[in-house]
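# Notes for the structure review
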Amino acid sequence: MVLATKWVVGPDEKGYFWPNEEAKKHAWVNDPKIYEEAAKDPVAFWEKLASEGITWFKKWDKAYEWNPPYYKWFVGAKLNVCYNCVDRHVEAGKGDKPAIIWIPEPTDEPKRVLTYNDLYREVQKFANVLKNLGVKKGDRVAIYLPMIPEVQIAMLACARIGAVHSVVFSAFSADSLRTRIEDSEAKILITADGYYRRGKIINLKQNADKAVENTTIEKVIVVKRAGIKVDMKEGRDLWWHELMENVSSSCEAESMDSEDMLFLLYTSGTTGKPKGVVHTTGGYIVMAYWSSRWVFDLHEDDIFWCTADIGWITGHTYNCYGPLANGATLLFYEGAPDWPEKDRWWQIIEENKVTVFYTAPTAIRMFAQWGEQWPAKHDLSSLRILGTVGEPIDRDAWMWYFKHIGGSRCPIVDTWWQTETGGTLITSLPGIGPFIPTVAGRPFPGVTADILDSEGKPVGGDTGGYLVIKSPFPPSLLRGLYKDEEKYIETYWKEYGKEIYFTNDGARWIEGKYIRITGRVDDVMNVAGHRLSSAEVENAIDSDERVSECAVVPKPHAIKGEVPVAFVVLKNVEPSEQLKQELIELVKQHIGPTAKPEEIIFVKELPKTRSGKIMRRMLKALLKNEPLGDTTTLQNPESIEHLKEAVGYKG
Ligand code: WT7
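Residues numbered from 1 in each chain as written. Predicted model: local features only at pLDDT ≥ 70, side-chain atom pairs only at ≥ 80, totals over all residues. Heavy atoms only, no water.

We now examine the overall build of the protein. A tally of helices and strands in the protein yields 20 helices and 34 strands. Against the globule reference of 26 Å for 651 residues, the protein gives a C-alpha radius of gyration of 24 Å, in line with a compact fold. With respect to the principal axes defined by its C-alpha atoms, the protein has extents near 75 × 65 × 55 Å. Residues classed as buried in the protein amount to 62% of the 651 residues present. Taking the contacts inside the protein whose residues are at least 6 apart along the sequence as the reference set, 70% of them involve residues at least 24 apart. Between the averaged position of the 80 positive side-chain charges in the protein and that of its 91 negative side-chain charges there is a distance of 1 Å. (Helix = DSSP H or I, 4+ residues; strand = E, 2+ residues; numbered from the N terminus. Rg over C-alpha atoms; globule rule 2.2 N^0.38 Å. Buried < 20%, exposed > 50% of the residue type's maximum accessible area, 1.4 Å probe, protein only. Contact = heavy atoms within 4.5 Å. Lys, Arg positive; Asp, Glu negative; His and termini not counted. Charge placed at Lys NZ, Arg CZ, Asp CG, Glu CD.)

Another point: the site of the ligand. Near the ligand there are 17 residues, and of these Asp 414, Thr 415, Thr 419, Asp 505 and Arg 531 occur at the shortest range. Asp 414 places a polar side-chain atom, nitrogen or oxygen, 2.7 Å from a nitrogen atom of the ligand. The contact in question runs from an oxygen atom of the ligand to an N or O atom on the side chain of Asp 505, over 2.6 Å. Considered on its own, the ligand offers 550 Å² of accessible surface; in the complex 96% of this is hidden by protein. Listed by contribution, the elements that provide at least two residues to the shell around the ligand are helix 11 (313-325), strand 22 (412-415) and strand 29 (514-520). Split into classes, the residues belonging to the shell around the ligand amount to six nonpolar, six polar and five charged. (Near = heavy atom within 4 Å. Polar contact = N/O pair within 3.5 Å; in protein donor to acceptor, adjacent residues only side chain to side chain. Areas by Shrake-Rupley, 256 points an atom, 1.4 Å probe, with all protein chains shown as cover. Nonpolar A, V, L, I, M, F, W, Y, C, P; charged D, E, K, R; others polar.)

The next subject is the environment of Ala 154. By the element assignment, Ala 154 lies in helix 6 (residues 150-161). Assessed through its relative accessible area of 0%, Ala 154 is described here as buried. The spacing of Ala 154 and Ser 255 is 101 residues in sequence and 18 Å in space, taken between C-alpha atoms. Dropping the residues within four chain positions of it, Ala 154 is found in contact with Phe 126, Ile 143, Ile 190 and Trp 240.

Strand order in the open sheet formed by eight strands is 14-13-10-8-9-16-17-27, and the pairing between neighbours is mixed. A single partner strand is all that each edge strand has here, and the edge strands are strand 14 (237-239) and strand 27 (480-481). Where helix 11 meets the sheet, it contacts strand 9 (164-167), strand 16 (261-267) and strand 17 (275-280), and its direction lies at approximately 140° from that of strand 16. (Pairing = 2+ DSSP bridges. Axes fitted to C-alpha atoms, helices over the stretch in contact; angles between N-to-C directions.)

Within strand 19 (residues 329-333), five of the five residues are buried, which leaves the element mostly enclosed by the surrounding structure. Residues Thr 329, Leu 331 and Tyr 333 line one face of strand 19 and the alternating positions Leu 330 and Phe 332 line the opposite face, and both faces are buried. Here strand 18 (residues 303-306) runs beside strand 19; their pairing, made up of three bridges, is parallel. Considered in strand 19, the bridge of Trp 305 is made with Leu 331. Handedness of the crossover joining strand 18 and strand 19 through helix 11: right-handed. (Right-handed = clockwise from strand over helix to strand, strands pointing away.)

So, on to the domain arrangement of the protein. When its domains are assigned, the protein resolves into domain 1 (1-80 + 256-522), domain 2 (108-254) and domain 3 (523-647). Using C-alpha coordinates to define each centre, domain 1 is positioned 32 Å away from domain 3. Summing the contributions of domain 1 and of domain 3, the shared interface buries around 1500 Å²; its carbon and sulfur component is 48%. If you look at where domain 1 meets domain 3, you find one salt bridge. Here Glu 420 and Arg 531 are joined by a salt bridge, their closest N and O atoms 2.9 Å apart. Scanning the region where domain 1 abuts domain 3 turns up ten residue pairs in polar contact (both at pLDDT 80 or more). No other element matches helix 13 (residues 361-370), which puts four residues into the side of domain 1 that touches domain 3. Taken together, the residues of the side of domain 1 that touches domain 3 break down into three nonpolar, eleven polar and six charged. (Domains from an automatic or database assignment. Buried area = accessible area lost by both parts, 1.4 Å probe. Salt bridge = Lys/Arg side-chain N within 4 Å of Asp/Glu carboxyl O.)

Let us look at the pattern of salt bridges. Scanning all chains against the criterion turns up 46 salt bridges. A salt bridge links Asp 237 to Arg 236, with the nearest nitrogen and oxygen atoms 2.6 Å apart. Take Asp 237 and Arg 236: they sit in the same class, and that class is buried. Residues Glu 259 and Arg 479 are paired through a salt bridge, measuring 2.9 Å at the closest nitrogen-oxygen approach. With Glu 259 in the loop between strand 15 (256-257) and strand 16 and Arg 479 in the loop between strand 26 (464-470) and strand 27, this residue pair connects regions lying 220 residues apart in the sequence. In this pair, the class of Glu 259 matches that of Arg 479, namely buried. Connected through salt bridges with shared partners, the residues Lys 205, Asp 209, Glu 213, Lys 233, Arg 236 and Asp 237 form a single ionic network.

To continue, consider the nonpolar core. Soluble globular proteins tend to bury their nonpolar side chains together. Formed by 195 residues in total, the largest nonpolar core has its most connected members in Phe 126, Ile 190 and Tyr 321. Those residues in contact with Phe 126 that lie beyond four places of it in its chain are Ile 153, Ala 154, Ala 157, Ile 190, Ile 221, Trp 240 and Met 244. Residues Leu 606, Met 618, Leu 634 and Tyr 649 belong to the second largest nonpolar core, which totals 20 residues. (Core = buried A, V, L, I, M, F, W, Y, C linked by side-chain atoms within 4.5 Å.)

Attention now goes to unusual backbone geometry. Between Gly 10 and the following residue, Pro 11, the backbone shows a cis peptide bond with an omega angle of 5°. Mapped onto the secondary structure, Pro 11 falls in the loop between strand 1 (8-9) and strand 2 (18-19). Of note, the amide linkage connecting Trp 339 to Pro 340 takes the cis form, showing an omega dihedral of -5°. By the secondary structure assignment, Pro 340 is in the loop between strand 19 and helix 12 (344-352). Even without being a glycine, Asp 297 presents a positive backbone phi close to 50°. Along the chain, Asp 297 falls in the loop between helix 10 (281-295) and strand 18. Phi at Lys 483 is positive, roughly 55°, even though this residue is not glycine.

Shown next, in the form of structure tokens:
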């Protein structure tokens, strides 16, 4: 193993860090010319990457097709994603290499290592289980599993037979799961009896039971993880281990069209209803493969750990498809970062010699607050590259991560992307740099990004604007929102027309070359790196009959980045502490604990525009103690005085 000595130099006079000679030599890409070369002919560039990285059953007839706002990649090509993630590594003689190192939360339980051979066998068996239950190409399968290797097995088995998976975050509520099942019309649900979190067992099956009643779900497959007693409904519920007992371990990988749907992943938009982001086969796996390889510089001996839950896109791309397509070894941890002690993550890194570590700013801020004595207890010298994702990272968190986790040796790749983009689009590459605190970096080679003003003109200098992506669109960009074309166009292709993808993020140029992301510009909050829509939380609160109306806006928070705060107007009832608690409980029930409002503020009125729209912008400014701007355009300017009092506004 190449043990990391020092991989960066810096900071230079501008405060930038750069890869040193050793890092450059080691890296897959180290020549900045790659950006210009890719930009000359991005389609040819992606074609080259697609040919070199992915095994195709049939080559494409046409690489890129664009009918705004729709586009296709590798048209006419045939492939199978599971084949690319599993079979080809076994065929190449790498079957004994660990694919997944699974670390259970309880410390007295041994870790489980699945080699590529193991995956090859388990995935084919489970693919046959699904087939035997009548799952066919194109059918949707809902997956509500915790962080256990059965989740990757289930995803890969779906990909193998051409079924479309829809993974739902295991901490989401029964209601959230139900909404997603209903929208996708899934036939099968895969879940577990329970799982460990902070030493306690979470009863997942109970939630699943509540979610599936009177839906399209015909069968529920239950993984026995926690060994707790659960109700198994006769004729509907089946144990994973029983189904796997007498099933053939040979199942051919279906030949899929490049543009066939690979998976659906629901994410929060500006309305109360989550959107089913559609990802297809060829383009997605090309991006997952190459971004994993280049951004994390994955080599044969790396052990890659991405802490994201499998229920988010980061989990899909970097805890499953990307590293596995590369034949890499990934580490997968079931539990909480602070169980049994606040050094669990650092202990895992030390024990397993993790070389590349990828996490979120919110986690870094939490660890920084707990103190550097926790990582200091462990030898973290196996680490070579650090990554962050999910929200803008502030300078303090960046420096803490660099120093206390990376030992001032490791580059930090700050990766900007979205559920919609399928893979990282903006970052610095470890062999090229620079690594600049608070700056994500350059568009990945072959990606065309720009920053526009509200009129659609590119901003110059360091003026802030809106981040957009231009054609040829990255191969992994979403192909639509499931059964909702109107919303697809409205969300991404209305602001600047059908030829420019609007990210809904603000950004600014640094030296006209690097991009700093400034955050969402729509009514989407970013709570601990999780996307949460104001409207979804509002719907939950509004469902209480004592509530007349409400508005939910983000408030800055030292660790979570943002937290939701609800302004609530009541009908004819008195505000009380108990009512507050009940409303918070309601949100937990509707969405999940991650969505819990930090505060509920009872008010008499909400500020509204003349057309009756709630001015969330003004509520945000009130919470941040920022200038409110012109309040005279409000329908009810008098509401403001009372609101100022309610939040203790100092102006
Ligand atoms: C939103 C997408 C795909 C990663 C996980 C989140 C914010 C993401 C960064 C970053 C600043 C970031 C954006 C984006 N975001 N990465 N490196 N720097 N902001 O995926 O839930 O779809 O959220 O997360 O605001 O639009 P997501």
